[in-house]
Amino acid sequence: MGKAGHARKTKVQGNPRVDLVVARFNEDITSRLRDSAIRTLVKAGVKRSRIKVWEVPGSLEIPQVAARLAKKGGPDALIGIGCIIRGGTAHHEHVARVALDNLGRLGLSSPFPVIACILTVESEAQALERADGSLADRGAEAASAAIHMIALVRSLQGPGAGT
């Protein structure tokens with residue numbers, strides 16, 4: 001990431017496919033994150049036709065769909081997009097832990113990078129600040145991370161990788 005949470009400008013090589021698994025819960029936030037991620041991917045050279053969006057009910061379902069995509073061979077990178085806002089109970093803590101832990105485990109075992117773009121915030125105002133670019137643009141940052149990781153994973157698979 002660049003200064004003040006802005007994504008580093010990187011161009012993608014080849015013709016990668018990037019899948020976004022987007023929670024519909026808190027859709028006013030997740031749609032902004034999704035749109036920003038798509039804009040960043042396209043600006044970096046990913047063809048819009050190679051960006052697939054999978055909608056799920058909430059953040060808990062993101063790892064489930066991501067795992068199924070991994071079993072099918074998957075994309076070149078996957079971005080899980082969700083928004084968990086603190087409520088009156090500890091429920092949000094459990095949802096965040098399970099969703100992020102499972103995405104992290106999947107990232108270790110899948111053949112493609114898995115990027116977590118799941119906001120865990122105290123309020124809708126905090127979520128908006130992180131989704132609309134006023135404080136940060138987490139959707140763009142996630143897309144930049146995906147582009148970086150695609151290139152890195154490809155370089156690790158090339159001749160002489162790991163030597």
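What counts, and at which threshold
- Residues numbered from 1 in each chain as written.
- Predicted model: local features only at pLDDT ≥ 70, side-chain atom pairs only at ≥ 80, totals over all residues.
- Heavy atoms only, no water.
- Helix = DSSP H or I, 4+ residues; strand = E, 2+ residues; numbered from the N terminus.
- Rg over C-alpha atoms; globule rule 2.2 N^0.38 Å.
- Buried < 20%, exposed > 50% of the residue type's maximum accessible area, 1.4 Å probe, protein only.
- Contact = heavy atoms within 4.5 Å.
- Areas by Shrake-Rupley, 256 points an atom, 1.4 Å probe, with all protein chains shown as cover.
- Phe/Tyr/Trp six-rings, centres within 6.5 Å; stacked < 30°, edge-to-face > 60°.
- Lys NZ or Arg CZ within 6 Å of the ring centre and 35° of its normal.
- Expected span 1.5 Å × (residues − 1).
- Arc of directions from axis to C-beta.
- Axes fitted to C-alpha atoms, helices over the stretch in contact; angles between N-to-C directions.
- Parallel < 35°, antiparallel > 145°, perpendicular 65-115°, else oblique.
- Left-handed = near helix turned anticlockwise from the far one by under 90°.
- Nonpolar A, V, L, I, M, F, W, Y, C, P; charged D, E, K, R; others polar.
- pLDDT = per-residue confidence, 0-100.
- Pairing = 2+ DSSP bridges.
- Right-handed = clockwise from strand over helix to strand, strands pointing away.

> Describe the overall build of the protein chain, with residues and values.
Along the protein chain, the regular secondary structure elements total five helices and four strands. Counting from the amino terminus, the protein chain carries its helices and strands in the arrangement β-α-β-α-β-α-β-α-α. Taken against the 2.2 N^0.38 rule, which gives 15 Å for 163 residues, the C-alpha radius of gyration of the protein chain at 15 Å falls within 12% of a compact globule. Taken along its principal axes, the extent of the C-alpha atoms in the protein chain is 55 × 30 × 30 Å. Residues classed as buried in the protein chain amount to 42% of the 163 residues present. Put simply, of all contacts in the protein chain between residues at least 6 apart along the chain, 77% involve residues at least 24 apart. Accessible surface computed for the protein chain: about 8600 Å², of which carbon and sulfur atoms make up 54%.

> Give a description of the packing of aromatic side chains that names residues and reports values.
Under the defined criterion, the tally for this structure stands at zero aromatic pairs. Sitting above the plane of the Trp-54 ring, Lys-52 keeps its charged end 4.6 Å from the centroid.

> Break down helix α3 (residues 91-109) for me, citing the residues and quoting the values.
Its 19 residues place the ends of α3 27 Å apart at the C-alpha level, agreeing with the 27 Å of an ideal helix rising 1.5 Å per residue. All of the buried residues along α3 are His-92, Val-95, Ala-96, Ala-99, Leu-103 and Leu-106. Mapping the buried residues of α3 onto a view down its axis gives an arc of 110°, with all of them on the same face. Every exposed residue of α3 that faces more than 90 degrees away from the buried side is listed here: Arg-105, Leu-108 and Ser-109. Residues of α3 that are buried sit in contact with α2 (62-71), β3 (77-85) and β4 (114-121).

> If you had to explain the packing of helix α1 (residues 27-43) against helix α5 (residues 138-157) to someone new, which residues and values would you point to?
Helix-helix packing: each pair is described by the crossing angle between the helix axes and the interaxial distance. The N-to-C vectors of α1 and α5 enclose an angle of 40°; their axes lie 7 Å apart at closest approach. Considered as vectors, α1 and α5 are oriented oblique to each other. Relative to α5, α1 is oriented so that their crossing is right-handed. Side by side, α1 and α5 meet where Leu-33, Ser-36, Ala-37, Thr-40 and Leu-41 of the first sit next to Arg-138, Gly-139, Ala-140, Ala-143, Ser-144 and Ile-147 of the second. Across the contact of α1 with α5, the residue classes tally to six nonpolar, four polar and one charged.

> An account of the confidence of the model for the protein chain is needed here, citing residue identities and associated values.
Per-residue confidence for the protein chain averages 88 on the pLDDT scale, and 90% of its residues sit at or above 70. Confidence drops under a pLDDT of 50 for residues 1-7, and excluding neighbours within four residues, the segment shows 12 contacts in the predicted structure.

> Go over the pairing of strand β1 (residues 18-23), please, and point to the residues and values.
Counting buried residues in β1 gives six out of six residues, a clear majority hidden from the surface. Because side chains alternate across β1, one face comprises the buried residues Val-18, Leu-20 and Val-22, and the other comprises Asp-19, Val-21 and Ala-23, equally buried. Judged from the six bridges that link them, β1 and strand β2 (residues 51-56) form a sheet pairing that is parallel. What sits directly across from Ala-23, in β2, is Val-56. Taking the sense of rotation as the criterion, the β-α-β connection linking β1, α1 and β2 turns out right-handed. Across five bridges, the pairing between β1 and β3 is parallel. Along β3, the bridge assignment pairs Val-18 with Ala-77.

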